[in-house]
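Each chain, written out:
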Amino acid sequence: MKIDCTIDGKTLTLSLNSDKPLSLILRENMGDEGYVNHCGGQMCGLCAVLVDGRAMLSCMVPAFEIRGKNVVTFESFRRTRNVKDIEKAYESVGAYPCPDCYASRTMIFESLIDEGVSDSTQILKELSMVRCPCMDPDDEIRIVQKGIELRRKRNVRRTQFA
Amino acid sequence: MYEGLSSPNIHTPANLGEYASIVLHYPRSSLWAGGTFIMSRPDSYPSRKMNAEIIYLGEIEELHRFQRNDRFAEFGAMVTLDEILNTGKAVLPRVLIDGIESIGSRLITRRATIGGSMCTKGFTTSFPGMMIALDATAEVRFIKKKRLHSKWMQITRLMDRNGRIVLPQQGMISRVRIAFTEKNCQYFSRIGSFMLEPEKSVSASFTATLDQDILINPKITFTYPNLGICYSRDIDSLFTTLRFPLDDSELMNLESMVFTFIDSFFQGISELQRIRTKGILREIVENLNEKALTIPFEES
């Protein structure tokens, strides 16, 4: 099956099995093995990417659903200005995710900050998908709140969802 | 790695008419809603079926509709759980809200749909049990004499003897209607991860109206993901005969009677599921006891 999509800003036409998970597409077809994990249904939460601006677990997205969509992985996201806000938030809170979950957690933080979610229960629920226990829940809440504050100072417009 | 081995054909009907013609052409096709359950199975990729046909329901406009009046809420089968929370948190029954919130992250609820949650193959989510406790009805679309028919049915009528939701051949749930209930006792609890440890988890949904010290129209369902839903009118009528608050001996008696029914439904309940069911049942009774002791004072 031929699928047209945009991955990390590149418009691509991929010839794939129609039900191939996006996590495997990124690992096998795009060579993004460092930032996206594929646990085969173990719900590790280490494969978060942004699909049309929203965080999603790439292992849950089949190839046919990314047709015409814009996928952003940590590989390209780490070169944007938005990642600086999250890094500053890590620094000001004094807590960093471990190297295993850094990419996935940062993508989820970005989604929460972009949506402006400041409710602590919702933040923890969203981040509960990442099974890695390296971060303190209080720190996670503070990071999102700090990120929202920094984003507001920069006057960045939120992503408009369809 | 497995490219070209067995790539399923994906059909994306834009309306129910197109859906009907695809189903007529490919009677053995599988339906794809949000895909959260299918994709989380360890053997989901590569597809083992050769020449598999998948009908993706995400493009059908009718299935995304949401309608609400003062008596009920009606959801299209492709309405996501997150959309349900966003649109009706204040008015929808507590059991439904708690059930959706127990799933956790919006990374899942943004993709999981109400129709898909009810029709998982060989696995039972906590949703159908919840719907039974809420007395919900579903519109089932099915092919008969080469035409698409629809019929509103109670969820209990879709359940087979093994406690699984079974639809007619080539059938699907297109809408779910949930009545706004006046019941003052609503309770949902889930213990364990349904996806990761199906043989250890259990959920229960309970709805009833507590009037003075008796329960009116109670409904209780227990869901075991690996086995199915345990719902029996006999268990419901057990609760109607009780007068709250219950003491320890009455509770023990209730427990043993409930387990008699559960055991007659399912033989393969694990020890942990049994202990967890007992815990949930005790919690429900404790809540009812508390309510029975406080309500008269509040009213006076």
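Residues numbered from 1 in each chain as written. Chains lettered and ligands numbered in written order. Predicted model: local features only at pLDDT ≥ 70, side-chain atom pairs only at ≥ 80, totals over all residues.

**A word on the overall build of chain A**
Counting secondary structure elements, chain A contains six helices and five strands. Going from the N terminus to the C terminus, chain A shows its helices and strands as β-β-α-β-β-β-α-α-α-α-α. Projected onto its principal axes, the C-alpha coordinates of chain A cover approximately 45 × 35 × 25 Å. When each of the 162 residues of chain A is scored for burial, the buried share is 44%. A separation threshold of at least 6 residues defines the contact pool for chain A, and within that pool the share at least 24 residues apart is 65%. (Helix = DSSP H or I, 4+ residues; strand = E, 2+ residues; numbered from the N terminus. Buried ≥ 20, exposed ≤ 12 C-beta atoms within 10 Å, placed from the backbone. Contact = placed C-beta atoms within 7 Å.)

**Remarks on the domain arrangement of chain B**
All names here are of chain B. When the domains of chain B are assigned, the result is domain 1 (9-59), domain 2 (62-179) and domain 3 (185-299). One C-alpha centre belongs to domain 2, the other to domain 3; they are set 22 Å apart. Of all elements in the fold, only helix 4 (94-103) and helix 7 (127-133) reach the threshold of two or more residues within the side of domain 2 that touches domain 3. Looking at the side of domain 2 that touches domain 3 residue by residue, the classes come out as nine nonpolar, nine polar and four charged. (Domains from an automatic or database assignment. Nonpolar A, V, L, I, M, F, W, Y, C, P; charged D, E, K, R; others polar.)

**Looking at the packing of helix 8 (residues 233-240) of chain B against helix 9 (residues 248-265) of chain B**
Residue and element names in this part refer to chain B. Helix 9 packs onto helix 8 with a crossing angle of 165° between their chain directions and a minimal axis gap of 9 Å. Considered as vectors, helix 8 and helix 9 are oriented roughly antiparallel to each other. The interaxial crossing formed by helix 8 with helix 9 has right-handed handedness. Contacts between helix 8 and helix 9 pair Asp 234, Ile 235 and Leu 238 from the former with Leu 254, Met 257, Val 258 and Phe 261 from the latter. (Axes fitted to C-alpha atoms, helices over the stretch in contact; angles between N-to-C directions. Parallel < 35°, antiparallel > 145°, perpendicular 65-115°, else oblique. Left-handed = near helix turned anticlockwise from the far one by under 90°.)

**Overview of the sheet that holds strand 6 (residues 137-144) of chain B**
All names here are of chain B. Reading across the sheet, the five strands line up as 4-5-8-6-7 and stay open at both edges, with antiparallel pairing between neighbours. Of all the strands in the sheet, the pair left with one neighbour each is strand 4 (66-68) and strand 7 (147-154). Averaged over all pairs of adjacent strands, the angle between strand axes in this sheet comes to 20°, irrespective of strand direction. Pairing geometry for strand 6 and strand 7, over eight bridges, is antiparallel. (Pairing = 2+ DSSP bridges.)

**Side note on the environment of Trp 152 of chain B**
Residues and elements named next belong to chain B. In this structure, Trp 152 sits in strand 7. Take Trp 152: there are 10 C-beta atoms within 10 Å of it, and that puts it in the exposed class. Once the C-alpha coordinates of Trp 152 and Leu 227 are considered, the two residues, 75 residues apart in sequence, prove to be 26 Å apart. What Trp 152 contacts, discounting residues up to four positions off in sequence, is Thr 137 and Glu 139.

**Things to note about helix 1 (residues 22-29) of chain A**
All names here are of chain A. Where burial is concerned, most of helix 1 is hidden: six out of the eight residues are buried. When helix 1 is considered as a whole, its buried residues turn out to be Leu 22, Ser 23, Leu 24, Ile 25, Leu 26 and Arg 27. Downstream of helix 1 by one or two residues, Gly 31 has phi in the positive range, about 70°.

**Points about the pairing of strand 2 (residues 10-15) of chain A**
Residue and element names in this part refer to chain A. Taken across its six residues, strand 2 has zero buried, putting it largely on the surface. Pairing analysis gives six bridges linking strand 1 (residues 2-7) to strand 2, with the strands arranged antiparallel. Along strand 2, the bridge assignment pairs Thr 6 with Thr 11.

**Concerning the domain arrangement of chain A**
Residue and element names in this part refer to chain A. Domain boundaries assigned for chain A yield domain 1 (2-73) and domain 2 (82-154). The centre of domain 1, based on its C-alpha atoms, is set 22 Å off from the matching centre of domain 2. The partner domain 2 presents 12 residues to the 12 residues of domain 1 that form the contact. Class assignment of the residues belonging to the side of domain 1 that touches domain 2 gives a composition of nine nonpolar, two polar and one charged.

**Focus on the interface of chain B and chain A**
Taken together, the contact between chain B and chain A spans 25 residues of the former and 24 residues of the latter. Counting only elements with at least two residues in the side of chain B that touches chain A, the list comes to helix 2 (36-39) and helix 5 (106-109) of chain B. In the side of chain B that touches chain A, the residues fall into 12 nonpolar, eight polar and five charged.

**Let's talk about the pairing of strand 6 of chain B**
Residues and elements named next belong to chain B. The hairpin turn running from strand 6 into strand 7, its antiparallel successor, is two residues long, and Lys 145 in that turn takes a positive phi close to 50°. Relative to strand 8 (residues 172-179), strand 6 runs antiparallel, the two being bridged by five bridges. By the bridge assignment for strand 8, Thr 137 is matched with Arg 177.

**Let's talk about unusual backbone geometry**
It is generally the case that most residues other than glycine have a negative phi and that most peptide bonds are trans. Residue and element names in this part refer to chain B. Here the amide bond leading from Phe 244 into Pro 245 is cis, since omega sits at 0°, within 30 degrees of zero. Following the sequence through the fold, Pro 245 ends up in the loop between helix 8 and helix 9. Although it is not a glycine, Lys 145 adopts a positive phi angle of roughly 50°. Counting through the fold element by element, Lys 145 comes out in the loop between strand 6 and strand 7.

**Some words on the sheet that holds strand 2 of chain A**
Residues and elements named next belong to chain A. Here five strands make up an open sheet; going across it, the order is 2-1-5-3-4 and the pairing mixed. Looking along the sheet, the strands with just one partner apiece sit at the ends: strand 2 and strand 4 (54-57). Strand-to-strand twist of the sheet, defined as the mean angle between neighbouring strand axes without regard to direction, takes the value 40°. The pairing of strand 3 (residues 48-51) with strand 4 spans four bridges and is classified as antiparallel. Each bridged residue has a counterpart across the sheet, and for Val 49 the counterpart in strand 4 is Met 56.

**A short note on helix 3 (residues 82-93) of chain A**
Residue and element names in this part refer to chain A. The end-to-end C-alpha distance of helix 3, which contains 12 residues, comes to 17 Å, matching closely the 16 Å that a straight helix rising 1.5 Å per residue would cover. Among all positions of helix 3, only Asp 85, Ile 86, Ala 89, Tyr 90 and Val 93 are buried. For helix 3, the angular spread of buried residues about the axis comes to 140°, placing them on one side. Turned more than 90 degrees away from the buried face of helix 3 sit Lys 84 and Glu 91, all of them exposed. (Expected span 1.5 Å × (residues − 1). Arc of directions from axis to C-beta.)

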